[in-house]
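Chain by chain, the residues run as shown.
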Amino acid sequence: MMRRIQPLSLILFAADVMIVPLGLWSSSVLRAALPIGRGGALPEAATQIPPILYLVSMLAWSISLAASKAYDPQVVLRWYNEALRVIWGALVATFVLAGVLYFTFRELSRLQYIYFLVVNLSLMLGFRAAFRIYYRIMGRTRPGLRSRILILGAGEVGRRVAGVLLDHSRWGFDLVGFLDDDARLRAQSLSGVPVLGGLERLKEVVAGKDVKEVWVTLPARAYDRVQDIVDQLEREPVRIKIVPDYFSLALIRAETEVFGGIPIIGLREPAIEGVPRLVKRAFDLAIASLSLLAFGPLMIVLAILIRLESAGSALFVQTRVGENGRLFRMLKFRTMVEQESQFSEDEAADPETEDVIHKRRDDPRTTRLGRLLRRLSLDELPQLINVVRGEMSLVGPRPELPWLVDRYQPWQRARFAVPQGLTGWWQINGRSDRPMHLYTEDDLYYVYNYSLWLDIFILLRTPWVVLQGKGAF
C-alpha cells in the first residue's frame with residue numbers, strides 16, 4: 001500500500017520545490033506594493049532578492065519538510081497530520097534561513113520575510129488541499145484508477161487491515177470483501193464489508209469482482225494454505241500480498257528488512273528512530289542541562305533541608321523499567337521517613353486484596369517537607385540527572401516498577417517502546433487523581449502520537465498543572 005503512495009509524495013515534493021521561488025518572488029512584489037510597515041511600500045529595487053538566495057531557500061525548505069516527514073505516507077494520510085508536518089517544517093526552514101540571512105543578506109526586509117513565510121505556507125497547504133480533493137473526485141468518477149482489494153481471512157488481522165483500507169479509501173482503495181472458511185462469518189458484514197464465502201470461491205470472486213489485489217490475512221495456523229492460494233491465482237492478473245499474523249507479538253510496529261537475501265521482521269523496534277530520535281535527544285540534553293544549572297542551587301538547599309528534617313539520605317534511589325524494558329536507577333528527593341516498607345514512595349496497595357492503587361493523601365510516612373515537595377513536584381528534580389545520562393527523557397510515560405510491569409498484559413508493554421519521561425500525557429491529565437500503573441491508555445496515546453510538538457505542548461502545560469496542584473500528593 002505504501003509503495004503506491006510514493007509517487008504522490010514525489011509530486012508534493014516537486015510542487016514544494018517550485019513553490020519556494022514563487023513565494024520569494026511574491027514577497028518582493030507584496031513588499032513593493034503594500035503600504036505596510038516602516039516607511040510604507042519599498043522601492044522595487046530594495047525588494048530584489050539575489051539568485052543564490054533562491055537556491056538556498058529551496059534547499060532549506062526541502063530538507064526541513066523532508067525531515068519533518070511531510071512526505072512520509074505513513075504520517076500524512078490524514079489531512080491534519082499532513083498540515084502539522086508542513087507547518088513544523090516551514091517553521092524550521094524559517095529559522096534556518098533567518099540564520100543564513102543574518103550572516104549573508106541582512107538587507108532583506110523583515111516584513112518581506114514574513115510575507116515569504118505566509119505565502120509559501122499558504123500555497124503549500126492550499127496545493128495539498130486541492131490535490132486531495134482532486135484525487136477523491138478522480139477516484140469516484142474514474143473507478144479504473146482505484147485498486148480493488150479482496151481480503152482472505154476475516155479474523156482479527158483481516159478486520160484490522162479492512163479498517164485501514166476503508167479509512168484511507170480516498171487514496172484509491174476499494175475493498176471488495178472477505179473470503180473466510182469460518183461458516184459463522186459468511187452471513188455477516190464486517191464494518192459494512194461482506195464475507196463473500198469460503199476460500200474455495202477464490203478464483204470465482206477474483207474474476208467476477210474484477211479484483212486487482214489479494215491480501216492474505218490468515219492466522220499463523222493456516223499458513224499452509226498460502227501455497228495453494230498462490231497456485232490458484234498463478235494465471236490471474238492480480239497481485240498477492242501477505243499480512244503476517246504478528247500483531248499480537250509486536251509492541252508498536254513490525255519492521256521488515258533484508259539481510260543477505262533473507263527477509264527479517266523485527267517485532268520490537270523503537271517507536272522513535274532516525275532524525276526524530278536525534279532531535280528528541282538533543283532537545284532533552286539542552287533543556288535538562290540548562291535546568292540543572294538553573295535549579296542546582298535550589299536542589300542543594302532542598303537536599304540539606306531533607307537531611308535536617310529526618311535521618312537518612314536526601315535522595316531516594318529506586319530501580320525502574322526504562323525503554324525496551326531496560327532497568328535503571330531513578331533518582332528522587334526523599335519525601336518519606338526512611339524506613340523499611342512493603343511499598344515505594346510512589347505506590348500503595350490494598351492491604352486485603354493486594355490490588356495496586358494510587359498514592360494516598362494521608363500516607364503517614366510522608367514528612368512535612370515531603371508534602372510540600374510533592375505538592376510542587378520538586379521531588380522530581382533529581383531526575384534531570386537521569387535525563388542527562390540518557391536513562392530518561394523529559395517527556396514520556398512514567399518509568400514503572402519492575403514488579404508492576406510483571407502484572408502487565410502484553411498490549412500494555414507498548415509503553416516501553418519510547419524513552420520513559422519526567423513528565424508526560426498522564427501527568428498533565430490528572431496525575432495522582434487518576435488510576436496509575438496498570439492503566440496505560442494515556443501512555444499509549446503518547447506512544448502512538450509522538451511528535452516534538454507534543455513534547456513541547458506537554459512541557460509547557462506541566463508548570464500550569466503543577467501550580468494547580470491537582471492530583472499532587
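For the structure, see preceding data.
Below you will find a few notes about this structure. (Residues numbered from 1 in each chain as written. Predicted model: local features only at pLDDT ≥ 70, side-chain atom pairs only at ≥ 80, totals over all residues. Heavy atoms only, no water.)

### Considering the overall build of the protein
Our working definition: Secondary structure elements follow DSSP: runs of H or I of four or more residues count as helices, runs of E of two or more count as strands, with numbering from the N terminus. Classification of residues uses two cut-offs on accessible area relative to the type maximum, computed with a 1.4 Å probe and protein chains only: under 20% is buried, over 50% is exposed, and between them is partly exposed. Whether two residues are in contact is decided by their heavy atoms: any pair within 4.5 Å suffices. Using a 1.4 Å probe, the Shrake-Rupley method yields the accessible areas, and only the shown protein chains count as cover for residues.
What the protein contains, in helices and strands, is 13 helices and 14 strands. By residue count, 45% of the 473 residues in the protein fall in the buried class. Sequence-distant contacts, at least 24 apart, represent 69% of the contacts inside the protein between residues at least 6 apart. For the protein, the computed accessible surface area is about 25300 Å², with 61% contributed by carbon and sulfur atoms.

### A closer look at the packing of aromatic side chains
Filter applied, for reference: Aromatic rings from Phe, Tyr and Trp, taking only the six-membered ring of Trp, are treated as a pair when their centres fall within 6.5 Å; an angle between ring planes under 30 degrees marks them as stacked, one over 60 as edge-to-face, and anything in between as tilted.
In total, this model carries nine aromatic pairs according to the counting rule given. A ring pair is formed by Trp88 and Trp453, whose centres lie 4.9 Å apart and whose planes are at 75 degrees; its orientation type is edge-to-face. Within this pair, whereas Trp88 is found in helix α3 (residues 79-103), its partner Trp453 is found in helix α13 (residues 452-468), the two being separated by 365 residues in sequence. Overall, Trp88 belongs to the partly exposed group, its relative accessible area being 23%.

### Describing the packing of helix α8 (residues 274-309) against α13
For clarity, the cut-off: In this analysis, axes come from line fits to C-alpha atoms, helices being fitted only over the stretch in contact, and the angle between any two N-to-C directions falls in the range 0 to 180 degrees. Note on terminology: angles under 35 degrees are roughly parallel, angles over 145 are roughly antiparallel, angles of 65 to 115 are roughly perpendicular, and the others are oblique. The hand of a helix crossing depends on one turn: near helix anticlockwise from the far one by less than a right angle means left-handed, and clockwise means right-handed. Nonpolar residues are Ala, Val, Leu, Ile, Met, Phe, Trp, Tyr, Cys and Pro. Charged residues are Asp, Glu, Lys and Arg, and all others, Gly as well, are polar.
α13 packs onto α8 with a crossing angle of 25 degrees between their chain directions and a minimal axis gap of 11 Å. Taken together, the axes of α8 and α13 lie roughly parallel to each other. The two elements α8 and α13 meet at a crossing, and its hand is right-handed. Taken together, the residues of α13 that come into contact with α8 (itself represented by Val279, Lys280 and Phe283) are Leu452, Asp455, Ile456 and Leu459. In terms of residue class, the contact of α8 with α13 is built from five nonpolar, no polar and two charged.

### A look at the environment of Ser109
Quick reminder of the rule: As used in this structure description, the phrase polar contact means that two N or O atoms lie within 3.5 Å; if the pair is within protein, one of them must be able to donate a hydrogen and the other to accept it, and residues adjacent in sequence are counted only when both atoms belong to side chains.
Positionally, Ser109 belongs in the loop between α3 and α4 (110-141). Measuring from C-alpha to C-alpha, the distance between Ser109 and Gly37 comes to 9.6 Å, with 72 residues separating the pair along the chain. With residues near it in sequence (within four places) discarded, Ser109 still touches Arg31 and Leu42. Of the polar contacts made by the side chain of Ser109, one reaches the backbone nitrogen of Leu111; its length is 3.3 Å.

Scope: geometric values only; no functional claims are made or implied.
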